[in-house]
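Chain residues, written in single-letter form:
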Number of protein chains: 4
Amino acid sequence: MIRILFLGDIVGEPGRKAVIRRVPVFLKERGVDFVIVNGENSAAGRGITAKIAIDLLRAGVAVITTGDHVWDQRETASYIETEPRLLRPINYPDGAPGNGSIILDTAKGKIGVLNVQGRTFMQPILDNPFPAASIEVDRMRLETPVIIVDMHSETTSEKIAMGRFLDGRVSAVFGTHTHVQTADEKILPNGTGFLCDAGMCGPEHSCLGREPEPIIKRFMDNLPGQFPVAKWPVRLCGVIVQVDPNTGRALSIERVSEMVEEA
Amino acid sequence: MIRILFLGDIVGEPGRKAVIRRVPVFLKERGVDFVIVNGENSAAGRGITAKIAIDLLRAGVAVITTGDHVWDQRETASYIETEPRLLRPINYPDGAPGNGSIILDTAKGKIGVLNVQGRTFMQPILDNPFPAASIEVDRMRLETPVIIVDMHSETTSEKIAMGRFLDGRVSAVFGTHTHVQTADEKILPNGTGFLCDAGMCGPEHSCLGREPEPIIKRFMDNLPGQFPVAKWPVRLCGVIVQVDPNTGRALSIERVSEMVEEA
Amino acid sequence: MIRILFLGDIVGEPGRKAVIRRVPVFLKERGVDFVIVNGENSAAGRGITAKIAIDLLRAGVAVITTGDHVWDQRETASYIETEPRLLRPINYPDGAPGNGSIILDTAKGKIGVLNVQGRTFMQPILDNPFPAASIEVDRMRLETPVIIVDMHSETTSEKIAMGRFLDGRVSAVFGTHTHVQTADEKILPNGTGFLCDAGMCGPEHSCLGREPEPIIKRFMDNLPGQFPVAKWPVRLCGVIVQVDPNTGRALSIERVSEMVEEA
Amino acid sequence: MIRILFLGDIVGEPGRKAVIRRVPVFLKERGVDFVIVNGENSAAGRGITAKIAIDLLRAGVAVITTGDHVWDQRETASYIETEPRLLRPINYPDGAPGNGSIILDTAKGKIGVLNVQGRTFMQPILDNPFPAASIEVDRMRLETPVIIVDMHSETTSEKIAMGRFLDGRVSAVFGTHTHVQTADEKILPNGTGFLCDAGMCGPEHSCLGREPEPIIKRFMDNLPGQFPVAKWPVRLCGVIVQVDPNTGRALSIERVSEMVEEA
Ligand SMILES: [Fe+2]
Ligand SMILES: [Fe+2]
Ligand SMILES: [Fe+2]
Ligand SMILES: [Fe+2]
Ligand SMILES: [Fe+2]
Ligand SMILES: [Fe+2]
Ligand SMILES: [Fe+2]
Ligand SMILES: [Fe+2]
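These numbers were taken from a predicted model, which means no experiment stands behind them. (Residues numbered from 1 in each chain as written. Chains lettered and ligands numbered in written order. Predicted model: local features only at pLDDT ≥ 70, side-chain atom pairs only at ≥ 80, totals over all residues. Heavy atoms only, no water.)

A. Local environment of the pattern of salt bridges. Evaluated as defined, the whole model comprises 60 salt bridges over all chains. Note that Asp72 of chain B is salt-bridged to Arg46 of chain B, the shortest N-O span being 3.9 Å. Of this pair, Asp72 of chain B sits in the loop between strand E4 (63-65) and helix H3 (76-82) while Arg46 of chain B sits in the loop between strand E3 (34-38) and helix H2 (50-58), and the two are 26 residues apart along the sequence. Each of the salt bridges in this network shares a partner with another, and the network as a whole consists of Arg22, Arg30 and Glu258 of chain A. (Salt bridge = Lys/Arg side-chain N within 4 Å of Asp/Glu carboxyl O. Helix = DSSP H or I, 4+ residues; strand = E, 2+ residues; numbered from the N terminus.)

Rendered as structure tokens:
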């Protein structure tokens, strides 16, 4: 049995510090074998830098997924070419920097991770994620049945459809992007674990990781503003799925949601 | 102390039958004093009819809220004028049929319910929900501090901003519309209960209450189709908030998510 | 030299009657060799029927293009399989009914027509129109350099980008969908004729072919309504491009905008 | 009779230089009494600066309107408070910097200018432009019947609806924002001049004023990029409306579209 921890969008310095502090605990004390995090907001809420990716990987993260904010930091387009453990959505047109999937060897066998982005209410409009994910899953299954999918998407309908679409072909489909964890964890009829959104690793007293007041003001006055990342404490949100390494089926799924105080 | 049950979007016949069967149980056996449901998808997934509203009210529902699907059934525009317990979003321009709020007398004092609709990624584009809600809350608080808000909205950011905006002025802000329950129930710093989305009262094996296969097909081929409501069993999703009737503050908040089999 | 008339979205009965009456005049008296019309709103503003398509073809129309309204009439999905002169956007995923392009023999040589749909602010979200158009143009150019493209799209930026993208590879790119003719007719640097939107063949005193009052009311009250097609007279809008049959280059481009009174 | 020149969105340095050079010619040689320009893209394509506004006003521009790009330059929020001839859309919530309308005394009487922004496919979502415009027009008509409206909006339907809505109450409604001039200039039944989009004062060989290649690349690869303003020559697009100063009715309307070479 493989225990995989998947953490939702990391927001800003508090979010990444909390992740870096807690990931070793999950690996050493809580029986987790493999850690995936979505890092698209780890650099002050906008994208990810090489330094941050390195820090996350050194802390024990195996794979970093992203989403619509993947290119927010200019250096990412070149850095991603050098670091295959940093993914961008698979459904970019051919020729985009980096990769949308990876398969890593572990002590418990090969584990694949696939990153895909939805299109409803999202920018930019990428290629259709359904055939793109299907083709890549077929390819990955030649090597391993243990595959975790990060479906980065705004609407519940597109995420649930992806979960049902890949049910039985991957170990789990976890949504990201809304920064709020959903309470619908389940194992779908054909054995795929599912959670509509993993939630966020970021400041608890916030609006998607940012100070709420400027966001409220923006909704009120429609004027531009600054939207700083909020402060500690952090809530670390994600999900642990236990997977049968022979079949790739999810055996159990459990939400993770824990408060982390500033050190 | 007042115990209020708020149930998310009811979808189709299975959803409303489950609600009608379970609401009396909540009222008689589980100490609930007041029941609010979002009924915007109760008529085959599209809107609500007079007959359905009457059935829900007769089962013990006190107030029915709605959202972007409120007018899907043509009869609603006239029926809503005769039934003040059926709400539409408050932030329609002046002159819209029906009302966006109501205050009801109960054995435990007056309880107000306010329905408001977000604008990000939503159609139609209504008036700004923030000042609309603020003004109505001010008015309602002249009569009672016990106020429950249904914020019908697509994005987590707009729902969280509304929760924070009204924190301390209403008893609870509950999101609806995404049909997936979130796991972020909390009492905000100034005493307002909050849940980003209450979830759905509809078929468990579904995509937002509808059969998944036609939805997946639609994402794949982009062609029109039929999207029938799925079958039993139903998951009944919502939240119970306990409110201090003197201050209107939320004392506790608890998610509800229970499976209901066909009778 | 080939003279090709391209007419914008036909709206409702007035629109199609005007087109049916005027097309023979263009063919017989005004030196036009080939007529293309966009018929996506010809059936009471929503889609097209077999009967209407037959009437248009019998009047002398060579090819009918469409857009986001192509499937509004249920019969279209089967009819389009029997009538190759009725096109739907090429960038539907594989397996969609019908075709997105056609090449027809004429007395002046082969003429190709390609229909493609933009994605910005459009539903459904089809495959990327740029590579889809590029591949199809390559294929068509094996048979003829005379190719007219209907780029059905909301934004000026996506239409202009398509024009520039195909400049030198097709005879003309004409936008449709906004129902308002633009005044930017030109021959691009490499010989492709361009007009950002051909405009509409529909009621002059209207909002996109429909009675203005219910549309205004909708913008004011955000309530559902009926939006009937407006009445005569019709303005018939389009463009005439003269093409060198040997090179496919546009030699001249001229907007068409004429009033047609009820017979 | 008053002759008013209205010029569409000025893009970048070429656009504003062309406007500054040509406005005096319109005023001195072509009988124009009053010049309005939309300046929302005059600062390198993004917003407007104090210096640019001053240069435009010194060249003879009477009023500068804007739109969704009004706040792109940070200094605008403070500068607009000092310069009433620089407008922002009227339908910002109360408290926004600056004003959405102005009435100026001229040798031919008072002339009012109103700036309003549509909501369909536009960010931010402002208050409903229809009642906002109606109320402001009522107020302005207490002083003068000569009123020109800049309706800054994406869709043809919202712009046409605004034209019909204000028909008979203002002298003209001119759309802006799409950067492509439409060919539908007309006088509406009750005397209001109308043009769905005035077009752009910016580089002719461009995509909305910017170099086409990076825009095409963006549509192809969905990756971020730089989108520099294109080079000379400029096409100066707008409209001249002749207004009866006593009734405010439009007597004639004529599109302006002229090429301006670099000096
Ligand atoms: Fe994110
Ligand atoms: Fe995201
Ligand atoms: Fe709903
Ligand atoms: Fe809804
Ligand atoms: Fe159309
Ligand atoms: Fe269309
Ligand atoms: Fe602009
Ligand atoms: Fe604009």
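Anyway, onward from the coordinates.
B. Broad picture of the sheet that holds strand E9 (residues 186-187) of chain D. Residue and element names in this part refer to chain D. Spatially, six strands are ordered E5-E6-E7-E8-E10-E9 in an open sheet, and the strand pairing comes out mixed. Every interior strand has two partners, whereas the edge strands, strand E5 (101-106) and E9, have only one. Looking at chain direction, E9 and strand E10 (residues 193-195) are connected through two bridges and run antiparallel. In the sheet register, Ile187 faces E10, and the bridge partner there is Gly193. Against the sheet, helix H4 (residues 129-141) engages E5, strand E6 (109-117) and strand E7 (147-152), with an angle of about 170° to E6. Along the sheet, helix H5 (residues 156-166) makes contact with E6, E7, strand E8 (172-176) and E10, crossing E8 at roughly 170°. (Pairing = 2+ DSSP bridges. Contact = heavy atoms within 4.5 Å. Axes fitted to C-alpha atoms, helices over the stretch in contact; angles between N-to-C directions.)

C. The coordination of the iron ion (ligand 5), seen in detail. Residue and element names in this part refer to chain C. Asp9 (OD), Glu40 (OE), Asn41 (OD1) and His179 (NE2) make up the full set of protein donors to the iron ion (ligand 5), lying at 2.1 to 2.2 Å. One can describe the site at the iron ion (ligand 5) as irregular: its four donor atoms subtend angles covering 86 to 172° at the metal. Look at where the donors of the iron ion (ligand 5) fall in the sequence and you get D-x30-E-N-x137-H. Separating the iron ion (ligand 5) from the iron ion (ligand 6) is a gap of 3.4 Å, bridged by Glu40, which donates to each. For the pair shown, Glu40 and Asn41 are each scored as buried. (Donors = N, O, S within 2.8 Å, 3.2 Å for Na, K, Ca; no water. Tetrahedral: all angles 85-135°; square planar, octahedral: opposite > 155°, others 65-115°. Buried < 20%, exposed > 50% of the residue type's maximum accessible area, 1.4 Å probe, protein only.)

D. Molecular detail of the layout of surface pockets. Within this model, the second largest pocket holds a volume of roughly 960 Å³. Along its surface, the second largest pocket is lined by 38 residues, and Asp127, Asn128 and Pro131 of chain A together with Asp127 and Asn128 of chain C are the ones closest to its centre. When contributions to the lining of the second largest pocket are tallied by element, the ones reaching two or more residues are helix H4 (129-141) of chain A, helix H4 (129-141) of chain C together with helix H6 (212-221) of chain D. Considering every element that reaches the lining of the second largest pocket, the biggest residue donor is H4 of chain C, with four residues. When the residues that make up the lining of the second largest pocket are grouped by side-chain class, the tally is 15 nonpolar, 14 polar and nine charged. (1 Å grid on protein atoms, 1.4 Å probe; cavity = no way out; pocket = protein on both sides within 12 Å on 5 of 7 lines; lining within 4 Å. Points joined across faces, edges and corners; volume = space filled by probe spheres on them. Nonpolar A, V, L, I, M, F, W, Y, C, P; charged D, E, K, R; others polar.)

E. How the structure looks around the interface of chain C and chain D. Contacts between chain C and chain D engage 35 residues on the former and 35 residues on the latter. Counting each side, the surface lost to burial between chain C and chain D is near 2900 Å², with a carbon and sulfur contribution of 67%. At the junction of chain C and chain D, the tally comes to two salt bridges. For Lys186 of chain C, the salt bridge is made with Glu204 of chain D, and the minimal N-O distance between the two is 3.7 Å. Breaking the side of chain C that touches chain D down by element, the ones donating at least two residues are H4, helix H5 (156-166) and helix H6 (212-221) of chain C. For the side of chain C that touches chain D, the per-class residue count stands at 16 nonpolar, eleven polar and eight charged. (Buried area = accessible area lost by both parts, 1.4 Å probe.)

F. Fine view of the UniProt feature "binding site: Fe cation 1" (unreviewed entry) in chain A. Residue and element names in this part refer to chain A. Sites flagged by UniProt as "binding site: Fe cation 1" (unreviewed entry) map to Asp9, Glu40, Asn41 and His179. For the residues just named, distributed over 171 residues, the greatest C-alpha separation is only 11.2 Å, placing them together at one site. Relative to the helices and strands, Asp9 resides in strand E2 (residues 9-10). Other than its neighbours up to four places away in sequence, Asp9 contacts Asn38, Glu40, Asn41, His152, Thr176, His177, His179, Gly199, Met200 and Cys201. Among the polar contacts listed, one links the side chain of Asp9 to the backbone nitrogen of His177, at a separation of 3.4 Å. Turning to its location among the elements, Asn41 is positioned in the loop between strand E3 (34-38) and helix H2 (50-58). The class of Asn41 is buried, set by a relative accessible area of 4%. Other than its neighbours up to four places away in sequence, Asn41 contacts Asp9, Ile10, Val11, Gly12, Arg46, Gly47, His69 and His179. (UniProt positions renumbered as here; feature names shortened; annotations may be inferred. Polar contact = N/O pair within 3.5 Å; in protein donor to acceptor, adjacent residues only side chain to side chain.)

G. Local environment of H5 of chain D. Of all eleven residues in H5 of chain D, eleven are buried; the element is thus mostly enclosed. Looking at H5 of chain D, one finds that the buried residues are Thr156, Ser157, Glu158, Lys159, Ile160, Ala161, Met162, Gly163, Arg164, Phe165 and Leu166 of chain D. In this structure, the buried residues of H5 of chain D make contact with H6 of chain C together with E6, H4, E7, E8 and E10 of chain D. Looking at the residues trailing H5 of chain D, positive phi occurs at Gly168 of chain D, about 95°.

H. Geometry of the state of the cysteines. Counted according to the given criterion, the structure contains zero disulfides over all chains. Unpaired in this structure, Cys207 of chain A has its nearest cysteine sulfur neighbour in Cys196 of chain B, at a distance of 8.7 Å. Cys207 of chain A sits in the buried class, given a relative accessible area of 2%. Among the cysteines around Cys201 of chain B, which has no disulfide bond, Cys237 of chain B carries the closest sulfur, lying 6.5 Å off. Its relative accessible area of 0% is what places Cys201 of chain B among the buried residues. (Disulfide = S-S within 2.5 Å.)

I. View of the packing of H4 of chain D against H5 of chain D. All names here are of chain D. Between H4 and H5, the shortest axis-to-axis distance is 11 Å and the interhelical angle comes to 30°. Considered as vectors, H4 and H5 are oriented roughly parallel to each other. Here H4 and H5 pass one another in a crossing that is right-handed. Along its contact with H4, which presents Pro129, Phe130, Ala133, Ser134 and Val137, the element H5 presents Glu158, Ala161, Met162, Phe165 and Leu166. Split into classes, the residues belonging to the contact of H4 with H5 amount to eight nonpolar, one polar and one charged. (Parallel < 35°, antiparallel > 145°, perpendicular 65-115°, else oblique. Left-handed = near helix turned anticlockwise from the far one by under 90°.)

J. Structural context of the coordination of the iron ion (ligand 3). Only Asp9 of chain B (OD), Glu40 of chain B (OE), Asn41 of chain B (OD1) and His179 of chain B (NE2) from the protein reach the iron ion (ligand 3) as donors, at distances of 2.1 to 2.2 Å. Each of the four donor atoms bound to the iron ion (ligand 3) contributes to angles spanning 88 to 172°, and the resulting shape is irregular.

K. Representation of the environment of Leu236 of chain D. All names here are of chain D. Relative to the helices and strands, Leu236 resides in strand E12 (residues 234-243). Distance from Leu236 to Asp9, taken between C-alpha atoms, is 9.5 Å for residues 227 residues apart in sequence. Ignoring any residue separated from it by four or fewer positions in sequence, one finds Leu236 in contact with Leu7, Ala18, Val19, Arg22, Phe26, Met200, Cys201, Val256, Ser257, Glu258 and Val260.

L. Molecular detail of the relation of the copies chain B and chain A. Mapping chain B onto chain A calls for a rotation angle of 180° and an axial translation of 0.0 Å; the resulting RMSD is 0.0 Å. Expressed as an axis order, the relation between the two copies is that of a two-fold axis. Using C-alpha coordinates, one finds that chain B approaches the rotation axis most closely at Thr182 of chain B, a distance of 1.9 Å. Most of the interface of chain B is mirrored in chain A, where 100% of its interface residues again form contacts. (Least-squares fit on C-alpha atoms with pLDDT ≥ 70 in both.)

M. Up close: the packing of aromatic side chains. Scanning the model with the defined rule gives 18 aromatic pairs over all chains in all. With a centroid separation of 5.8 Å and 75° between ring planes, the pair formed by Trp71 of chain A and Tyr92 of chain A is classed as edge-to-face. Of this pair, Trp71 of chain A sits in the loop between strand E4 (63-65) and helix H3 (76-82) while Tyr92 of chain A sits in the loop between H3 and strand E5 (101-106), placing them 21 residues apart in sequence. Through successive ring pairs, a cluster of aromatic residues spans Phe130 and Phe165 of chain A together with Phe219 of chain B. The lysine or arginine in question, Arg169 of chain A, covers the ring of Phe165 of chain A, its NZ or CZ lying 5.8 Å from the ring centre. (Phe/Tyr/Trp six-rings, centres within 6.5 Å; stacked < 30°, edge-to-face > 60°. Lys NZ or Arg CZ within 6 Å of the ring centre and 35° of its normal.)

N. Inspection of the pairing of strand E5 (residues 101-106) of chain C at higher detail. All names here are of chain C. In this sheet, strand E6 (residues 109-117) lies alongside E5 in antiparallel orientation, the contact comprising six bridges. When the sheet's bridge partners are listed, Asp105 is paired in E6 with Lys110. Where E5 folds back onto E6 in an antiparallel hairpin, the turn is made up of two residues.

O. Seen up close, unusual backbone geometry. Look at the link from Gln123 of chain B to Pro124 of chain B: it is a cis peptide, with omega at -10°. With respect to the helices and strands, Pro124 of chain B occurs in the loop between strand E6 (109-117) and helix H4 (129-141). Although it is not a glycine, Phe121 of chain C sits at a positive phi angle of roughly 60°. Note on placement: Phe121 of chain C falls in the loop between E6 and H4. Exposure remark for Phe121 of chain C: the relative accessible area of 35% places this residue in the partly exposed category. Even without a glycine there, the phi angle at His179 of chain D is positive, about 70°.

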